[in-house]
Amino acid sequence: MSSPSTAEAKKDQFVGSTKETVGNAVGNESLEAKGKTQNNAGVVQETAATVQSYVEGAVDQVSGAVKGAYDSLTGNTTGEAGDKVQEKKGEAQKAFNS
């Protein structure tokens, strides 16, 4: 299974919504149902992509904090600065996906 993609999700939502609208307009229940299914699949995929990105941000945040603490204890100030960047990147990614 591939990673959930926000772009693919948006495409499925758009195409599904279009099929649903056209199917409804011409009285084609099958096309309308297929469109609704594709639209809903896009919504689910978008949610999965958001959750995955949030979790990746949390991992970066925690990893940066732990590495930073280790580098601080060992006196590695260069590593500590890089770890702080990783931690802040994770915080930003989580905030963006909240």
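Residues numbered from 1 in each chain as written. Predicted model: local features only at pLDDT ≥ 70, side-chain atom pairs only at ≥ 80, totals over all residues. Heavy atoms only, no water.

Caption draft 1: A look at helix 1 (residues 6–26). Across its 21 residues, helix 1 extends 30 Å between first and last C-alpha, which sits within 8% of the 30 Å expected from 1.5 Å per residue. Turning to helix 1, its buried residues number three or more, namely Ala-9, Asp-12, Gln-13, Gly-16 and Gly-23. When helix 1 is viewed along its axis, its buried side chains cluster within an angular range of 110° and face the same direction. Turned more than 90 degrees off the buried face of helix 1, the exposed positions are Ala-7, Phe-14, Thr-21, Ala-25 and Val-26. (Helix = DSSP H or I, 4+ residues; strand = E, 2+ residues; numbered from the N terminus. Expected span 1.5 Å × (residues − 1). Buried < 20%, exposed > 50% of the residue type's maximum accessible area, 1.4 Å probe, protein only. Arc of directions from axis to C-beta.)

Caption draft 2: Layout of the pattern of salt bridges. All told, the structure shown has 7 salt bridges when counted by the stated rule. Among the salt bridges present, the one from Glu-46 reaches Lys-10, with a minimum N-O distance of 3.0 Å. With a gap of 36 residues between them, Glu-46 in helix 2 (residues 29–74) and Lys-10 in helix 1 connect regions that are remote in the sequence. Under the relative-accessibility criterion, Glu-46 is labelled partly exposed at 21%. (Salt bridge = Lys/Arg side-chain N within 4 Å of Asp/Glu carboxyl O.)

Caption draft 3: Region of interest: the packing of helix 1 against helix 2. The contact between helix 1 and helix 2 brings their axes to 7 Å, and the two run at 160°. By the angle between their axes, helix 1 is roughly antiparallel relative to helix 2. Two packed elements cross with a definite hand, and for helix 1 against helix 2 that hand is left-handed. Residue composition of the contact of helix 1 with helix 2, grouped by class: 6 nonpolar, 11 polar and 8 charged. (Axes fitted to C-alpha atoms, helices over the stretch in contact; angles between N-to-C directions. Parallel < 35°, antiparallel > 145°, perpendicular 65-115°, else oblique. Left-handed = near helix turned anticlockwise from the far one by under 90°. Nonpolar A, V, L, I, M, F, W, Y, C, P; charged D, E, K, R; others polar.)

Caption draft 4: Expanded view of the environment of Gln-52. Checked against the element boundaries, Gln-52 lands in helix 2. In sequence terms Gln-52 and Lys-84 are 32 residues apart; their C-alpha atoms lie 22 Å from each other. If we ignore the near neighbours within four places in the chain, the residues touching Gln-52 are Ser-3 and Pro-4. (Contact = heavy atoms within 4.5 Å.)

Caption draft 5: Molecular detail of the environment of Glu-91. The residue Glu-91 is located in helix 3 (residues 77–96) in this model. Separated by 15 residues in the primary sequence, Glu-91 and Asn-76 have C-alpha atoms spaced 22 Å apart. What Glu-91 contacts, discounting residues up to four positions off in sequence, is Gly-57 and Gln-61.

Caption draft 6: Quick look at helix 3. With 20 residues, helix 3 extends 29 Å between its outermost C-alpha atoms, agreeing within 8% with the 28 Å of an ideal straight helix rising 1.5 Å per residue. Within helix 3, the full set of buried residues consists of Gly-79, Asp-83, Gln-86, Glu-87, Gly-90, Gln-93 and Lys-94. All buried residues of helix 3 fall inside an arc of 125° around its axis, so they share one side. In helix 3, those exposed residues whose orientation departs by more than 90 degrees from the buried face are Thr-77, Thr-78, Val-85, Lys-89, Ala-95 and Phe-96. As for helix 3, its buried residues are in contact with helix 2.

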